[in-house]
Amino acid sequence: MASVSVDEAMRRAIELAARGLGTTSPNPVVGCVLLDADGEVVGEGFHAYAGGPHAEIVALAQAGQRAKGGTAVVTLEPCDHVGRTSPCSTALVQAGVARVVIAVPDPNPVATGGAATLRAAGVRVDLGVREAEAESGNVAWLTAMRRGWPYVIWKYAATLDGRSAAADGTSMWITSEAARMDVHALRATVDAVVVGVGTVLADDPRLTVRNLRDGSLAIRQPLRVVVDSVGRTPDDARVRDGAARTWVATAEEVGTGPDGGVDLPALLAALHTRGVRAVLLEGGPRLAGAFLAAGLVDRVVGYLAPRLLGAGPAALVDAGVTTIAEAIDLELTDVTQVGPDLRITALPRKREG
């Protein structure tokens, strides 16, 4: 096998890390490629599930004795603490690895320190290779670790004129089956799906991850969260069907915000303590507006159907904007056609002042 560059190995490690999206939380996604002393790939690994072997351990097991004198290329700084698994920094030292190349330092105060341990043992450590790319692939976990509350993705579906339903309230279906399947794939990558009680009362959604072709449930289901300030969620609502865990978050339990409803920053902090690192905010338009007005949305994913209604509920209401100068500006990062619909991904720009 021909030797590969460290840059090529890191690109591969980032690809490997992505395989763990949706199954590793509350841990990060991590990929590792091991090169022997001649630069040949002798081991690959990724963190597949919380509590399972870390990426470095999987790669070391594949490499065996060929790891000695080689280079470990890792998307995240190797952990340096004893948790459900032993420290990866120690395992790399014991295997005789001569160099470790890291894309992103670990911001978790419990696990950080791996680079220092490696250097103290005489291992060469290099940081920052493909850092931006690795950050992007692990953005939810990194963001949650750095600030103490989950990464929030607001997802909505609308017609080209911004309607989420017709004038009579009907909304099934605004978008195509292909778009709905794409949404289920998105749900599978997060730890919690959040809606307001109004959505539960109007649509009675299940909020589960399903295969739409046969209705089967995915093995791993995100936590279903209903923001319900006074506890109006019916006992027979489908979110209470036992298909996944559900939390009806009331103002009495979480705290009351300035609008008299559930305190949203307190809600996110509570979700973080429950191990939630990524949240998918799905509805309704007023709850989305409250999240946006509070600056709590990190990414917007909109599914736009090539249809016009001319009337009916808007996809977003009361986002704290009263004049054009206060508009929430977005940076488009992706536009993809999904079936007949468009999926637009964007990041809210930070407001000055």
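Parameters and conventions
- All residue numbers here refer to positions counted from 1 along the written sequence of the relevant chain.
- At least 70 in pLDDT is required for a residue's local features to be given in this predicted model, at least 80 for side-chain atom pairs to be given and counted, and no such filter applies to totals for whole chains, interfaces and linings, which use all residues.
- Only hydrogens and water are removed before side-chain values are computed, so all heavy atoms of the structure are retained for them.
- Two aromatic rings, drawn from Phe, Tyr or Trp (for Trp, its six-membered ring), form a pair once their centres lie within 6.5 Å of each other, and the interplanar angle then sorts them: stacked below 30 degrees, edge-to-face above 60, tilted otherwise.
- Burial classification: accessible surface area is computed with a 1.4 Å probe over protein chains only, and a residue below 20% of its type maximum counts as buried, one above 50% as exposed, and the rest as partly exposed.
- When the NZ atom of lysine or the CZ atom of arginine is within 6 Å of a ring's centre and also within 35 degrees of its normal, the charge is said to sit over that ring.
- By definition, any uninterrupted DSSP run of H or I lasting at least four residues is a helix, any uninterrupted run of E lasting at least two residues is a strand, and each is numbered from the N terminus.
- Think of it as the arc spanned by the lines of direction from the helix axis to the C-beta atoms.
- For two strands to be treated as a pair, DSSP must find no fewer than two bridges joining them.
- Helix axes are fitted to C-alpha atoms over the stretch in contact, other axes to C-alpha atoms as well, and angles between N-to-C directions run from 0 to 180 degrees.
- Here a residue-residue contact requires only that any non-hydrogen atoms of the pair lie within 4.5 Å.
- UniProt positions are given in the numbering used here, feature names are shortened, and annotations may be inferred rather than shown by experiment.
- Cavity and pocket criteria rest on a 1 Å grid covering protein atoms alone: a 1.4 Å probe that fits but cannot get out defines a cavity, protein on both sides within 12 Å along at least 5 of 7 lines defines an open pocket, and an atom within 4 Å of a point defines a lining residue.
- Two N or O atoms count as a polar contact when they lie within 3.5 Å, although within protein this holds only if one can serve as hydrogen donor and the other as acceptor, and sequence-adjacent residues are included solely when both atoms are side-chain atoms.
- The salt bridge definition used is simple: a Lys or Arg side-chain nitrogen within 4 Å of an Asp or Glu carboxyl oxygen.

Q: Mind showing me how you'd approach the packing of aromatic side chains here?
A: Aromatic ring pairs are reported here in terms of the distance separating the ring centres and the angle at which the planes meet. Under the counting rule described, the total for this entry stands at one aromatic pair. Summarising the aromatic geometry, the rings of Trp154 and Tyr156 are spaced 4.6 Å apart at their centres and angled 25° between planes, so their arrangement reads as stacked. The class of Trp154 is buried, set by a relative accessible area of 6%. In this structure, Arg180 packs its charged tip against the face of Trp173, placed 4.2 Å from the ring centre. The aromatic ring of Trp247 is capped on one face by Arg274, whose charged end is 3.8 Å from the ring centroid.

Q: Would you explain helix α2 (residues 55-63) in this entry?
A: Turn by turn, an α-helix covers 3.6 residues, leaving residues three or four places apart pointing in a common direction. The set of residues buried in α2 consists of Ala55, Glu56, Ala59, Leu60 and Ala63. Angular distribution of buried residues about the axis of α2 spans 125°; they occupy a single face of the element. Where α2 ends, the next residue or the one after it, Gly64, has phi of about 60°, a positive value.

Q: Is there a simple way to explain the sheet that holds strand β1 (residues 31-35) in this structure?
A: The strand order β2-β1-β3-β4-β5 describes an open sheet built from five strands, whose pairing is mixed. Both outer strands of the open sheet, β2 (41-46) and β5 (124-127), are each paired with one neighbouring strand and no more. Sheet twist, expressed as the mean angle between neighbouring strand axes with direction ignored, is 15°. Sheet strands touched by α2: β1, β2 and β3 (71-76). Its angle to β2, the strand with the most contacts, is close to 150°.

Q: Mind showing me how you'd approach the pairing of strand β11 (residues 299-305) here?
A: Side-chain direction in a regular strand flips from residue to residue, so the side chains alternate between the two faces of the sheet. The buried fraction of β11 is high, at six of seven residues. Both strand β6 (residues 151-159) and β11 contribute to a ladder of seven bridges, which runs parallel. Residue pairing in the sheet places Ala157 in a bridge with Tyr303 of β11. Across five bridges, the pairing between β11 and strand β13 (residues 341-348) is antiparallel. Each residue of the ladder has a partner; that of Tyr303, found in β13, is Arg343.

Q: Before we go on, may I ask you to explain the UniProt feature "binding site: NADP(+)" (unreviewed entry) in the protein in this structure?
A: Annotation from UniProt places "binding site: NADP(+)" (unreviewed entry) at Ala157, Trp173, Thr199, Ser229, Gly284, Pro285, Arg286, Leu287, Ala288, Gly289 and Ala290. On the basis of their most widely separated C-alpha atoms, the annotated residues across 134 residues do not gather in one place, lying as much as 28.3 Å apart. As for the second largest pocket, its lining draws on Ala157, Trp173, Thr199, Gly284 and Pro285 from among the annotated residues. Following the sequence through the fold, Thr199 ends up in helix α8 (residues 197-203). Excluding its chain neighbours within four sequence positions, the residues that come into contact with Thr199 are Asp204, Pro205, Gly283 and Gly284. Turning to its location among the elements, Gly289 is positioned in helix α11 (residues 285-293). Excluding residues within four positions of it along the chain, Gly289 makes contact with Leu316, Val317, Asp318 and Ala319.

Q: Please clarify how the pairing of β6 should be interpreted in this entry.
A: Across the nine residues that make up β6, a large majority, seven, are buried. Where β6 meets strand β10 (residues 278-283), four bridges bridge the pair, whose relative direction is parallel. By the bridge assignment, Tyr151 is partnered in β10 with Ala278.

Q: In this structure, what is going on with the side chain of Ser176? I would like to understand it.
A: Tracing the sequence through the fold places Ser176 in the loop between β6 and α7 (177-187). We classify Ser176 as buried; its relative accessible area is 15%. Among the polar contacts listed, one links the side chain of Ser176 to the side chain of Asp341, at a separation of 2.7 Å. With residues up to four places along the chain from it excluded, the contact list for Ser176 reads Val338, Pro340 and Asp341.

Q: Can you help me understand the environment of Arg130 in this one?
A: The topology assignment puts Arg130 in the loop between β5 and α5 (131-137). Residue classification places Arg130 among the partly exposed residues on the basis of a relative accessible area of 23%. Along the backbone, Arg130 and Ser171 are 41 residues apart, and their C-alpha atoms lie at a distance of 43 Å. Looking at Arg130, its side chain comes within polar contact range of the side chain of Asp7, at 3.0 Å. Polar contacts involving the side chain of Arg130 include one to the side chain of Glu133, which spans 2.5 Å.

Q: Could you clarify how one ought to interpret the pattern of salt bridges in this entry?
A: Two side chains carrying opposite charge are able to pair once their charged atoms lie near each other. If you walk through the whole model with that rule in mind, you get 19 salt bridges. Across the pair Arg66 and Glu40 runs a salt bridge whose closest N-O atoms are separated by 3.3 Å. Of this pair, Arg66 sits in the loop between α2 and β3 while Glu40 sits in the loop between β1 and β2; the two residues are 26 residues apart in sequence, bridging distant segments of the chain. Residue Arg66 is classed as partly exposed on the basis of its relative accessible area, which comes to 43%. Salt-bridge contacts for Arg274 lead to Glu253; the nearest nitrogen and oxygen are separated by 3.9 Å. With Arg274 in the loop between α10 (264-273) and β10 and Glu253 in helix α9 (residues 251-254), this pair connects stretches of sequence that are 21 residues apart. Among the residues examined, Arg274 registers a relative accessible area of 44% and is labelled partly exposed.

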